[in-house]
Number of protein chains: 2
Amino acid sequence: MTQSRPRIVPEATVARLAVYLRVLAGLADGGRSHVSSGELAAAAGVNPAGLRKDLSYLGPCGVRGVGYAVAGLQERLTAALGVERSRPCVLVGIGRLGAALADYAGFASRGFEFVGLLDADPARVGDRVGGCTVRPIEELESVVAGTRASIGVITTPADVAQSVCDRLVAAGVRSILNFAPVALSVPAGVDVRKVDLSVELQVLAFLDQQRDGGPPTVVVPVPVPAGGAR
Amino acid sequence: MTQSRPRIVPEATVARLAVYLRVLAGLADGGRSHVSSGELAAAAGVNPAGLRKDLSYLGPCGVRGVGYAVAGLQERLTAALGVERSRPCVLVGIGRLGAALADYAGFASRGFEFVGLLDADPARVGDRVGGCTVRPIEELESVVAGTRASIGVITTPADVAQSVCDRLVAAGVRSILNFAPVALSVPAGVDVRKVDLSVELQVLAFLDQQRDGGPPTVVVPVPVPAGGAR
DNA sequence: AACCGCTTGTGAACGCAGGTACAAAGTCGC
DNA sequence: GCGACTTTGTACCTGCGTTCACAAGCGGTT
Ligand SMILES: NC(=O)c1ccc[n+]([C@@H]2O[C@H](COP(=O)([O-])OP(=O)(O)OC[C@H]3O[C@@H](n4cnc5c(N)ncnc54)[C@H](O)[C@@H]3O)[C@@H](O)[C@H]2O)c1
Ligand SMILES: NC(=O)c1ccc[n+]([C@@H]2O[C@H](COP(=O)([O-])OP(=O)(O)OC[C@H]3O[C@@H](n4cnc5c(N)ncnc54)[C@H](O)[C@@H]3O)[C@@H](O)[C@H]2O)c1
């Protein structure tokens with residue numbers, strides 16, 4: 001019963017599986033029927049052996065001497081990632097960032113559908129963004145209950161993010177993607193992922209500074225031929 | 001003088017240092033003069049011992065028995081992250097996402113200033129977004145050269161991201177933050193960080209499914225992937 | 001001035017992820 | 001039908017990151 005996990009998939013691997021799935025979609029559009037791990041890895045920007053190890057968590061799904069069947073691997077990855085059917089999501093805080101997300105077509109094509117847009121600003125309520133109408137924040141609980149949304153996205157100001165999070169969790173949402181620059185606290189059983197864009201910029205600034213003031217980096221004139229695009 | 005860098009700082013630590021810096025800003029606003037590692041760690045959502053180890057990469061900067069001086073630690077982190085002065089950034093692709101970033105006040109307060117906004121759409125050129133005017137993509141090289149921007153942010157469609165990246169690198173940009181869902185290839189000496197929002201959602205979907213289908217047996221019924229398409 | 005309690009800083013062990021190298025396996029060519 | 005080539009799948013190793021646990025150091029107190 002409880003030991004029914006043949007293999008556990010590391011979270012870092014799951015993130016890469018999603019990238020592979022996107023690359024496969026492009027290959028399928030191009031009419032390709034099979035791919036090798038080397039080609040797939042190059043397109044995804046990872047090591048070929050690492051890619052094979054990632055895929056091996058799903059069990060053998062390639063053919064030795066030939067490669068991976070594009071269509072079959074797509075199905076396998078789609079099932080593994082849990083996006084076989086479209087997943088309903090709610091988005092709270094339809095400001096600049098929230099509106100950009102709600103209006104982005106790339107999510108729907110990846111299996112994510114925003115079924116509820118919520119905002120506290122009366123001026124925003126009623127706006128149509130990305131095929132959905134913005135509703136008042138008071139309806140959060142009823143929207144979550146009515147749509148059985150499993151994923152909540154928070155793009156409100158930081159000072160209200162925790163209270164919005166609490167309401168989402170109380171309403172039954174178990175997965176949260178947070179763009180507000182605060183550490184959310186949630187009960188066990190709820191998954192939170194945080195996207196912190198300021199942190200990304202600061203890491204880049206650090207690497208930049210480290211390169212300048214660090215070691216004598218002038219000894220690497222290797223002009224790497226930027227390969228890839230194809 | 002400053003004993004150079006006998007210690008190398010792991011990238012994961014750098015990302016957390018940026019979070020600590022933000023928490024410290026909040027504490028400083030609240031009038032606090034000192035903080036303990038436990039309190040700081042709780043606010044940042046990390047382990048107290050890990051936080052102390054992170055800070056120890058910068059050398060001893062706390063007082064035993066008391067804690068860390070808020071102001072002093074802020075200065076130390078600011079210097080370590082290379083954001084003592086405002087860093088000039090260029091943003092390419094002023095669409096929905098790019099406009100949200102350009103108009104976001106949180107970057108300026110963290111030491112990042114968008115000094116160049118570039119877009120290929122003539123209808124966008126001339127718009128003022130976040131105190132800066134959108135300029136035609138042809139001026140990319142001159143803007144980078146004129147502002148000595150060290151960080152480039154790409155929010156264009158995926159199919160042109162690599163070419164935009166190449167032009168940024170050729171113009172002298174050595175740090176790139178990429179929002180387009182493609183793996184950019186760059187020469188050695190250039191740092192790229194990728195933000196992939198679809199991947200974040202898919203990881204959440206996976207965790208959600210794993211929680212539901214974990215205890216009961218959910219062996220994927222796919223027997224043989226032999227069936228090739230086409 | 002010396003003790004005591006609190007907090008930092010660090011050493012060591014653990015677990016995990018990534019990379020390399022090799023063996024298994026299946027297909028294509030003859 | 002058989003050999004050889006290609007590519008997968010995996011075992012081993014190395015390095016990094018995280019956590020636990022403890023000793024060192026400082027302020028406050030008597
Ligand atoms: N815009 C960016 O580029 C950017 C970058 C990094 C981080 N962020 C973070 O993302 C979040 C949103 O940023 P933004 O630029 O879109 O801000 P914004 O002010 O444009 O949007 C915030 C929206 O949240 C709504 N809101 C406020 N309180 C609410 C509540 N209690 N319930 C529901 N909705 C509420 C507001 O009405 C507004 O529409 C912020 O936390 C910000 O720090 C944004
Ligand atoms: N909007 C989102 O929520 C979201 C989420 C995830 C990923 N993304 C990615 O971010 C990128 C931008 O998304 P968006 O929603 O802002 O798209 P968008 O279409 O609104 O904006 C793209 C902008 O890039 C400009 N552009 C096109 N070609 C260009 C070129 N060669 N040089 C300079 N500028 C050019 C366009 O004129 C447009 O203004 C896309 O790659 C998208 O996949 C967006």
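Structure's up top.
Worth saying up front: this structure is predicted, and the values here are computed from it rather than measured. (Residues numbered from 1 in each chain as written. Chains lettered and ligands numbered in written order. Predicted model: local features only at pLDDT ≥ 70, side-chain atom pairs only at ≥ 80, totals over all residues. Heavy atoms only, no water.)

Trainee: Now, about the interface of chain B and chain A: what can you tell me, with residues and values included?
Mentor: Across the contact, 72 residues belong to chain B and 71 residues belong to chain A. Carbon and sulfur atoms supply 62% of the area buried between chain B and chain A, which totals about 6800 Å² over both sides. On the chain B side of the contact with chain A, B:Leu201, B:Gln202 and B:Leu204 bury the most area, a combined 10% of that side's loss. On the surface where chain B and chain A come into contact, there are 10 salt bridges. Across the salt bridge formed by B:Arg87 and A:Asp208, the nearest N and O atoms sit 3.0 Å from each other. Considering each element in turn, the side of chain B that touches chain A owes the most residues, 15 residues, to helix α9 (residues 197–213) of chain B. Of the residues that constitute the side of chain B that touches chain A, the class distribution is 42 nonpolar, 13 polar and 17 charged. (Contact = heavy atoms within 4.5 Å. Buried area = accessible area lost by both parts, 1.4 Å probe. Salt bridge = Lys/Arg side-chain N within 4 Å of Asp/Glu carboxyl O. Helix = DSSP H or I, 4+ residues; strand = E, 2+ residues; numbered from the N terminus. Nonpolar A, V, L, I, M, F, W, Y, C, P; charged D, E, K, R; others polar.)

Trainee: Give a detailed account of the protein's contact with DNA strand C, specifying residues and quantitative values.
Mentor: Close contacts around DNA strand C come from 22 residues, with A:Arg16, A:Ala49, A:Arg64, B:Ser37 and B:Tyr68 the closest. At the protein interface, 61% of the atoms of DNA strand C within 4 Å belong to sugar or phosphate. In this structure, a base oxygen belonging to DNA strand C sits 2.8 Å away from a side-chain N or O atom of A:Lys53. A distance of 2.9 Å is found between a base nitrogen of DNA strand C and a side-chain nitrogen or oxygen belonging to B:Arg52. Listed by contribution, the elements that provide at least two residues to the surface near DNA strand C are α3 (48–56) of chain A together with α3 (48–56) of chain B. Residues belonging to the surface near DNA strand C are distributed by class as follows: 8 nonpolar, 7 polar and 7 charged. (Near = heavy atom within 4 Å. Polar contact = N/O pair within 3.5 Å; in protein donor to acceptor, adjacent residues only side chain to side chain.)

Trainee: If you had to explain the pairing of strand β4 (residues 112–119) of chain B to someone new, which residues and values would you point to?
Mentor: Residues and elements named next belong to chain B. Of all 8 residues that make up β4, 6 are buried, and the element is covered over most of its length. Here strand β3 (residues 87–92) runs beside β4; their pairing, made up of 6 bridges, is parallel. Considered in β4, the bridge of Cys 89 is made with Phe 114. (Buried < 20%, exposed > 50% of the residue type's maximum accessible area, 1.4 Å probe, protein only. Pairing = 2+ DSSP bridges.)

Trainee: Lay out the pattern of salt bridges in plain terms, naming residues and giving numbers.
Mentor: Here the idea is simple: oppositely charged side chains can pair when their charged atoms come close. Inspection of the entire model under this criterion finds 22 salt bridges over all chains. One salt bridge in this structure joins A:Glu200 and B:Arg193, with 2.6 Å as the shortest N-O distance. Here the residue A:Glu200 occupies a position in helix α9 (residues 197–213), and B:Arg193 occupies one in strand β9 (residues 191–194), the pair thus bridging two chains. Comparing A:Glu200 with B:Arg193 shows no difference in burial state: the two are buried. Of the charged contacts in the structure, one is a salt bridge between B:Arg193 and B:Glu11, with a shortest N-O distance of 2.6 Å. Separated by 182 residues along the polypeptide, B:Arg193 in strand β9 and B:Glu11 in helix α1 (residues 11–29) bring together distant segments of the chain. Taking relative accessible area as the criterion, B:Arg193 reaches 16% and is therefore assigned buried. Note on B:Glu11: relative accessible area 42%, which makes it partly exposed. A cluster of three or more residues bridged by salt bridges with shared partners is formed by A:Glu11, A:Arg193 and B:Glu200.

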